[in-house]
Amino acid sequence: MARLLPPHAWRSKGTIALARSLLGKHLVRRRRGGGVEAHLITEVEAYQGEADLASHARRGRTARTAVMYGRGGVWYVYLCYGVHEMLNLVVGPPEHPAAVLIRGLDGISGPGRVTRALGIGRELNGKPAARRTGLWLEDRGVRVPRGRVRASARVGVAYAGPVWAAKPWRFRWEPPARYRAGG
DNA sequence: TACTCGATCGGA
DNA sequence: CCGATCGAGTAA
């Protein structure tokens, strides 16, 4: 039983809760040719507000960050280090720039590897998480107990200064064998 | 227009 | 540890 999670499911307030709730959901990709594959989300990071000095929104609204100021439920994809595409889900109400970086899937560790493995690029930037865009989210009934989620500091954000770099907004979850591919 | 610096990764 | 590789953001 797979329940589609439409864009409006990501428009409530509470960036951290929304980020945590992405763990255990499935990121579903339709490939050219029509094949569909679903990947269990195992690691995310939350970025919230202009005050968060680790967030791209720290410099306010710009051409790149405009998508973060829109409604939740759309993809924010950008190029990092001139090499890797990073996939984020914009969350929250309009005018509140918040996003959740998809850092890891079952069997795929690292945000650059996630996009490479699924064939995701900036053409998806600003597009909604919906079937018609070829990249969407589903709840397939996987339960993630709070106690099984490890929170730690976000990766690669030393530039944000000690206070913001230390925020425990990276969330990891090790899926039990029964939920894993082939398990 | 001229810089600087990345929400990373793979190979020395 | 280091280089790749390029666009956003800033200063001028």
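Residues numbered from 1 in each chain as written. Chains lettered and ligands numbered in written order. Predicted model: local features only at pLDDT ≥ 70, side-chain atom pairs only at ≥ 80, totals over all residues. Heavy atoms only, no water.

A. Quick look at the side chain of Thr-15. With respect to the secondary-structure elements, Thr-15 resides in helix 1 (residues 15-22). Only 3.5 Å separates the side chain of Thr-15 from the side chain of Gln-48, close enough to count as a polar contact. Discounting residues that sit within four places of it in the chain, Thr-15 has contacts with Ala-46, Tyr-47, Gln-48, Val-91, His-96 and Ala-98. (Helix = DSSP H or I, 4+ residues; strand = E, 2+ residues; numbered from the N terminus. Polar contact = N/O pair within 3.5 Å; in protein donor to acceptor, adjacent residues only side chain to side chain. Contact = heavy atoms within 4.5 Å.)

B. Region of interest: the packing of aromatic side chains. Across all of its chains, the model carries three aromatic pairs by this definition. Between Arg-64 and the ring centre of Tyr-78, over which it is positioned, the NZ or CZ distance is 5.7 Å. Across from the ring centre of Tyr-47, 4.7 Å away, lies the NZ or CZ of Arg-154, which sits over that ring. (Phe/Tyr/Trp six-rings, centres within 6.5 Å; stacked < 30°, edge-to-face > 60°. Lys NZ or Arg CZ within 6 Å of the ring centre and 35° of its normal.)

C. Representation of the protein's contact with DNA strand C in the model. Taken together, Arg-59, Thr-62, Ala-63, Arg-64, Thr-65, Leu-79, Tyr-81, Gly-82, Val-83 and Arg-122 make up the full set of residues near DNA strand C. Sugar and phosphate atoms form 79% of the subset of DNA strand C atoms that lie within 4 Å of the protein. The contact in question runs from a base oxygen of DNA strand C to an N or O atom on the backbone of Tyr-81, over 2.3 Å. Of the residues in the surface near DNA strand C, the class split is four nonpolar, three polar and three charged. (Near = heavy atom within 4 Å. Nonpolar A, V, L, I, M, F, W, Y, C, P; charged D, E, K, R; others polar.)

D. Focus on the protein's contact with DNA strand B. The immediate surroundings of DNA strand B are formed by 20 residues, with His-56, Tyr-81, Asn-88, Arg-113 and Tyr-159 found nearest. The sugar and phosphate moieties of DNA strand B supply 54% of its atoms located within 4 Å of the protein. A distance of 3.2 Å separates a base oxygen of DNA strand B from a polar side-chain atom of His-84. Between Arg-113 and DNA strand B, the recorded distance is 2.3 Å, taken from a side-chain N or O atom to a phosphate oxygen. If you list the elements that add at least two residues to the surface near DNA strand B, you get strand 5 (84-90), strand 6 (98-105) and helix 2 (111-118).

E. Spatial organisation of the pattern of salt bridges. Summed over all chains, the structure comprises 11 salt bridges. Between Asp-139 and Arg-3 there is a salt bridge; the shortest N-O distance is 3.4 Å. One end of the pair, Asp-139, is in strand 8 (residues 135-139); the other, Arg-3, is in strand 1 (residues 3-5), with 136 residues separating them in the sequence. Note on Arg-3: relative accessible area 49%, which makes it partly exposed. The partner of Glu-138 in a salt bridge is Arg-131, with the nearest N and O atoms 3.7 Å apart. (Salt bridge = Lys/Arg side-chain N within 4 Å of Asp/Glu carboxyl O. Buried < 20%, exposed > 50% of the residue type's maximum accessible area, 1.4 Å probe, protein only.)

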